[in-house]
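Coordinate analysis (summary)
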Amino acid sequence: MIYEPIPSPDGTTIFSYHDLMPPTLGDIYEARSTVHQYLPATPLVRSEYLSAKLKADVYLKREDTLPTGAFKVRGGINLCSQLDEEFRKRGLIAASTGNHGQSVAYAGRVFDIPVTVAVPDDPNPSKVAAIERFGATVHEIGQDYDAAREWAEEQAQEQGYRYIHSANEPLLIAGVGTAGLEVLEEKPNIDTLICPVGGGSSAAGYCLTVGEATDCEIISVQSENADAMYQAWQTGDLQQQKTADTYAEGLQSRVPFALTTEILRENLANMITVSDDAIRNALQVMIQEENLLLEGAAAAGVAAALAMTEDLSSQTVVIQLSGRNISMNKLSALL
Ligand SMILES: *Cc1c(COP(=O)(O)O)cnc(C)c1O
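We now turn to the structure provided with this report. (Residues numbered from 1 in each chain as written. Predicted model: local features only at pLDDT ≥ 70, side-chain atom pairs only at ≥ 80, totals over all residues. Heavy atoms only, no water.)

1. Description of the site of the ligand
The test is simple: Nearness is judged by heavy atoms alone; a residue qualifies as near a molecule or strand once a single heavy atom is within 4 Å of it. Under this definition, polar contacts are N or O atom pairs within 3.5 Å; protein pairs additionally need one hydrogen-donor-capable and one acceptor-capable atom, and for neighbouring residues in sequence, both atoms have to be side-chain atoms.
Every one of the 16 residues lining the ligand counts as a neighbour, but Lys-72, Gly-198, Gly-200, Ser-201 and Ser-322 are closest to it. Here Gly-200 contributes a backbone N or O atom positioned 2.6 Å from an oxygen atom of the ligand. Within the backbone of Ser-202, a nitrogen or oxygen atom sits 2.9 Å from an oxygen atom of the ligand.

2. Observations regarding the packing of aromatic side chains
For clarity, the threshold we go by: When the centres of two rings from Phe, Tyr and Trp lie within 6.5 Å, Trp using its six-membered ring, the rings pair. Their planes under 30 degrees apart give stacked, over 60 give edge-to-face, and anything left gives tilted. A run of H or I in DSSP becomes a helix once it reaches four residues, and a run of E becomes a strand once it reaches two; helices and strands are each numbered from the N terminus. Exposure categories follow from relative accessible area, calculated using a 1.4 Å probe and restricted to protein chains: below 20% of the type maximum is buried, above 50% is exposed, and the middle band is partly exposed. Geometrically, a lysine NZ or arginine CZ counts as sitting over a ring once it is within 6 Å of the ring centre and also within 35 degrees of the ring normal.
Per the stated rule, a full pass over the model turns up five aromatic pairs. Between the aromatic rings of Tyr-17 and Phe-87, the centroid separation amounts to 5.2 Å while the plane-to-plane angle is 65°, which identifies the pairing as edge-to-face. Pair noted here: Tyr-17 is in the loop between strand E2 (14–15) and helix H1 (25–38) and Phe-87 is in helix H4 (residues 85–90), with a separation of 70 residues, a long-range link. For Tyr-17, a relative accessible area of 16% corresponds to the buried category. We classify Phe-87 as buried; its relative accessible area is 1%. Grouped by ring-pair contacts, the aromatic residues Phe-15, Tyr-17, Phe-87 and Tyr-163 constitute a single cluster. Over the aromatic face of Tyr-247 sits the side chain of Arg-280, whose NZ or CZ is 4.8 Å from the ring centroid. One cation-aromatic arrangement involves Lys-330 over Tyr-247; the distance from NZ or CZ to the ring centre is 4.8 Å.

Below, the structure is given as structure tokens:
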């Protein structure tokens, strides 16, 4: 059957097969048994440089070590493992600046489901190459992430694909939340956890695990050039912004998303913004001091920690390193 769109709470199309209930802690434990069949737990490694710099005990959650180079694949695996039979043949469609697309493409390969990914014009070429390597079809369409998203939503409606939203998907959030369970088990007593926010799935996953089970404050970070979720988190109003033109393409969205905004308003201690210059600086610091190659989105958490030195002193802090898929152009410009 062809699904008719149901009214959307947030300016993105929601199809009738979408459920907008936040996942429970139980859902996240259930996701873990699936996710760990396909993906390793990621390391939590002390940063000597940041610990000295912040006068704190700082650990890096190395999501960059996953096979797609970013945390999102946890969600893709969980969602595809539970896909309705009718979509297994017809296939999946997603819109992405790259890492969500890699996640869905990787999971599609694991579960043998065809995948189409819409990326904006002028995408990060190494992300596109990776999506194609996983066997998915890539369409370059639209001036930014949200334009590609609208095209993918139309295609889903016309062709009957299962559209996979990057945030309004409880199964993605539950899958992504498995990183929080790993942190909890290794370091049950942390004071602050910092992670970047684009659509908010990752921050939601940490809120529902570490945030729910302990006194840890979850702090999330957007680029000040793409702050739709920041605005929505502050006001509760799902207001579209005019632009989302950030250096960190993994954080690009003009539209704040309903499900993640709801979870973050309930559970997040604080959201802050950092400049794109601070993100570039954090990328350079991580190369120089840790010999770690990250992409812009992943450096936002480091940039926030460097801006919050006083608040974090003497705390135990975890910073999520969300991904490593930087383009060669951006890398050579940085160096
Ligand atoms: C998608 C992404 C983010 C943002 O995650 P959301 O769950 O959309 O908030 C951060 N870093 C990287 C590397 C990403 O790919």
